[in-house]
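Descriptive analysis of the structure
Below are the chains, spelled out letter by letter.
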Amino acid sequence: MHAASSPDIRLVPVHVAIVMDGNGRWAEERKRPRLFGHKAGVDSVRTVVETAREIGVRHLTLYAFSTENWRRPAFEVKGLMTLLKAYLQSELTTMLKNDIHLLCIGQQDRLPADVRKTLDMVMAKTAHCSSMTLNLALSYGSRSEIVRAVRQLAGKCAGGELAVRDLNEELVASHLYTAGQPDPDLFIRTGGERRLSNFLLWQLSYAELYFTDIKWPEFGREQFLEAIAVYGTRQRRFGKTGAQLRQG
Ligand code: IPE
Ligand code: IPE
Ligand code: MG
């Protein structure tokens, strides 16, 4: 085993996707309101974004709010939206300094107007940044993303712009929110659950999966680097045999 502060990073994934889970339980364990956990979670977001950028991750996708999360109590949803807006406002300078391009994946039209306005502003101001793309998944659900793509493609077929026989994987991928970005190499879920929760079902086809019981507010630099180090030990065969890979 390596010292936790300096794990052996053999390979940096190009795209990391994270389900940031466990904020509520972290707070409840401390007899504090759930929003206290979400607040603490924002610090983890800052640390992980900074660390990812530092080690050369090119795309980072963070699941911040799912289509299913609208079912939570209105008070919690409101608190999350307030935190999100404050995060975006406070992080703009750092994003510019670190050359990070912010994108939003998900149903932006369902977000409160003031959050949308702040998001649009930060996305526009960081549009020229190119060292890392930070995708915030907001009101994101993979099935609704796929349905949206199917609708667009069906519309093009019906309008004669596209022939049914020309439909292929690239075309589907290019109609998802993540169009133009590579698929995640590494998927991380904190908080102990072993599920995808409607996150990037298409894009995660060949991602390496990493689950940890650590709750999101306690997931910092060391824990992120550990996940990256574990990724480097995985053999990605993409259907081939181990022997084929050794032969190059
Ligand atoms: C993840 O933490 C953050 C969001 C879903 C917004 P949770 O709020 O799901 O935390 P737990 O799972 O209840 O601990
Ligand atoms: C998934 O977490 C969504 C986010 C982290 C934003 P949840 O905590 O909402 O997932 P489920 O509902 O327990 O699967
Ligand atoms: Mg949860």
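Rules used in this analysis
- Residues numbered from 1 in each chain as written.
- Chains lettered and ligands numbered in written order.
- Predicted model: local features only at pLDDT ≥ 70, side-chain atom pairs only at ≥ 80, totals over all residues.
- Heavy atoms only, no water.
- Helix = DSSP H or I, 4+ residues; strand = E, 2+ residues; numbered from the N terminus.
- Rg over C-alpha atoms; globule rule 2.2 N^0.38 Å.
- Buried < 20%, exposed > 50% of the residue type's maximum accessible area, 1.4 Å probe, protein only.
- Contact = heavy atoms within 4.5 Å.
- Areas by Shrake-Rupley, 256 points an atom, 1.4 Å probe, with all protein chains shown as cover.
- Lys, Arg positive; Asp, Glu negative; His and termini not counted.
- Charge placed at Lys NZ, Arg CZ, Asp CG, Glu CD.
- Pairing = 2+ DSSP bridges.
- Axes fitted to C-alpha atoms, helices over the stretch in contact; angles between N-to-C directions.

A count of helical and extended segments in the protein chain gives eight helices and six strands. Taken from N to C terminus, the helices and strands of the protein chain fall in the order β-α-α-β-α-β-α-β-α-α-β-β-α-α. For 248 residues, the compact-globule formula gives about 18 Å, and the C-alpha radius of gyration of the protein chain, at 19 Å, lands near that figure. Its C-alpha atoms give the protein chain principal-axis dimensions of about 60 × 50 × 35 Å. Across the 248 residues in the protein chain, those meeting the buried criterion constitute 46%. Looking at the protein chain alone, contacts between residues at least 24 apart form 76% of all its contacts between residues at least 6 apart. Surface summary for the protein chain: the accessible area is close to 12800 Å², and the carbon and sulfur share equals 52%. Positive and negative charge centroids in the protein chain, built from 34 and 27 side chains respectively, lie 3 Å apart.

Turning our eyes to something else, we now look at the environment of L103. Here L103 lies in strand β3 (residues 100-105). When neighbours within four sequence positions are excluded, L103 is seen to be in contact with M123, T133, L134, N135, L136 and Q181.

The subject of this paragraph is the sheet that holds strand β2 (residues 59-66). Overall, parallel pairing links the six strands, which are arranged β3-β4-β2-β1-β5-β6 in an open sheet. Of all the strands in the sheet, just β3 and β6 (208-211) have a single pairing partner and so form its edges. Averaged over all pairs of adjacent strands, the angle between their axes in this sheet comes to 20°, without regard to strand direction. As paired strands, β2 and strand β4 (residues 132-140) are joined by seven bridges and run parallel to one another. The partner of Y63 across the bridge, within β4, is A137. Its contacts with the sheet put helix α2 (residues 34-55) on β1 (15-19), β2, β3 and β4, and the angle it makes with β2 is roughly 160°. Running over the sheet, helix α3 (residues 74-97) touches β2, β3 and β4 and is turned about 165° from β4.

It is worth stressing that arrangement in space is one thing and function is another; only the former is reported here.
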